[in-house]
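Survey of secondary and tertiary structure
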Amino acid sequence: MRKIEMVDIRTQYLRLKPEIDHAISEVLESSAFIKGPAVDSFRKELSDYLSISHVIPCANGTDALQVALMALDLKPGDEVITANFTFISTVEVLVLLKLKPVLVDVDPLTFNIDPDKIEQAVTPRTRAIIPVHLFGQPADMHRIQKIAGEHGLFVIEDNAQSLGSYYIDSDGKSKMAGTIGTSGTTSFFPTKPLACYGDGGALMTSDPYLAEKMEMIVNHGSRIKYHNDIIGVNSRLDTLQAAILRVNLRNLDDYISRRRQAADYYHNHLGGNLRIGLPKTGKGGTHIYHQYTILLDPEVRDRIREGLKEKGIPSMVYYPVPLSQQKAFTFAGYRTGEFPVTEKLCQSVLSLPLHTEMDEEQLDYICTHLLNLLKHE
Ligand SMILES: *Cc1c(COP(=O)(O)O)cnc(C)c1O
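What counts and what doesn't
- Residues numbered from 1 in each chain as written.
- Predicted model: local features only at pLDDT ≥ 70, side-chain atom pairs only at ≥ 80, totals over all residues.
- Heavy atoms only, no water.
- Near = heavy atom within 4 Å.
- Polar contact = N/O pair within 3.5 Å; in protein donor to acceptor, adjacent residues only side chain to side chain.
- Areas by Shrake-Rupley, 256 points an atom, 1.4 Å probe, with all protein chains shown as cover.
- Nonpolar A, V, L, I, M, F, W, Y, C, P; charged D, E, K, R; others polar.
- Salt bridge = Lys/Arg side-chain N within 4 Å of Asp/Glu carboxyl O.
- Helix = DSSP H or I, 4+ residues; strand = E, 2+ residues; numbered from the N terminus.
- Expected span 1.5 Å × (residues − 1).
- Buried < 20%, exposed > 50% of the residue type's maximum accessible area, 1.4 Å probe, protein only.
- Contact = heavy atoms within 4.5 Å.

Below, the discussion takes up the site of the ligand. Contacts to the ligand come from Asn60, Gly61, Thr62, Thr86, Phe87, Ser89, Val132, Asp158, Ala160, Gln161, Ser187 and Lys192. Contact distances for the ligand include 2.7 Å between an oxygen atom and a side-chain N or O atom of serine 187. About the coverage of the ligand: the protein hides 91% of its 380 Å² of free accessible area. Counted by class, the shell around the ligand contains three nonpolar, seven polar and two charged residues.

Once that is clear, we can look at the pattern of salt bridges. For the structure shown, the criterion picks out 22 salt bridges. Close ionic contact of glutamate 215 with arginine 43 constitutes a salt bridge, the shortest N to O distance being 2.9 Å. Of the two residues, glutamate 215 is situated in helix H7 (residues 208–218) and arginine 43 in helix H2 (residues 37–50); the sequence distance between them amounts to 172 residues. Linked by salt bridges that have partners in common, Arg2, Asp8 and Asp359 make up one network.

The end-to-end C-alpha distance of helix H12 (residues 360–375), which contains 16 residues, comes to 22 Å, matching closely the 22 Å that a straight helix rising 1.5 Å per residue would cover. Among all positions in H12, only Gln362, Leu363, Ile366, Cys367, His369, Leu370 and Leu374 are buried. Looking at the buried positions of H12, the neighbouring elements they touch are helix H9 (252–270), strand E12 (292–295), helix H10 (298–310) and strand E13 (349–352).

If you want it as structure tokens, here you go:
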């Protein structure tokens, strides 16, 4: 059996080697490493894939969030509501921009931001909501857009983990995750659903004014070289990465169906065990299984994880600590007990290996050992 990895980038590369190598060597031969033609081709192809008018490539997903916020002209102290159960990027950029992160609890079924909690957190200083589409499925965008509309708030969708999933609204229309709010952001970090071989990211919006501003911000605030109109940053997508991303984008639907197949296998083989909480798909959402995250009794979770490791099965805890309890964030003064769902999830979640290259032998091995370990608990 092939060694089991959380994400098997190498096997995926070997399967697509001729295509990828060709794309890379084209860039090497052109030597157009910065703003080469592959960047614009990728921009166009991603906007077609997502059915959105504007895609702005940038250097990584954290920059994308920062640029999305910079483009909105918020004032220091303005409040931005976001989820407590996620990666640190969101809160990091808010603090850097002197905005006030207002963390709220998440939904226990989907692990995504809880719209009821958003409503309770809105104040006269609230300017924006950043829903994070966690683990492969969109947050409840219908409710979030409604709350935003009622209070005049911007919505920035952090879609680093769910590119390719879509959301079906109450009118039956479906929209790609990341294209529903004021703007969306994503990351092409090697483990993300649409990945490159280094760092990369992008913003998307259907607002031409915002798009132009974002494009300027990622280019030192300039439209014309050496003419800087506003304060920006240097955040470009590498041409080499864009060339790799074009190949991966062509394969994205195949990647998603491979992920779904592996998830189905887990569903079918773990579903009968009442001690395992399986991932649930929320109303209106579709799941691309960026992570396959199960829930276990906090009493046994870490022992099970150890037991799996002894059998050569990696697993991960995304995320072990609520943002509200991160050391870097103590100044905000949150207390333990304020976010019961997030706090419980941090003790119960376990993400199993799931990627585009899994075979049945590996999946069977993982399920057999997981069920066996639980039997002995
Ligand atoms: C990965 C990730 C980011 C950051 O992306 P980088 O490209 O690593 O900067 C932001 N938000 C979420 C939810 C992520 O998973």
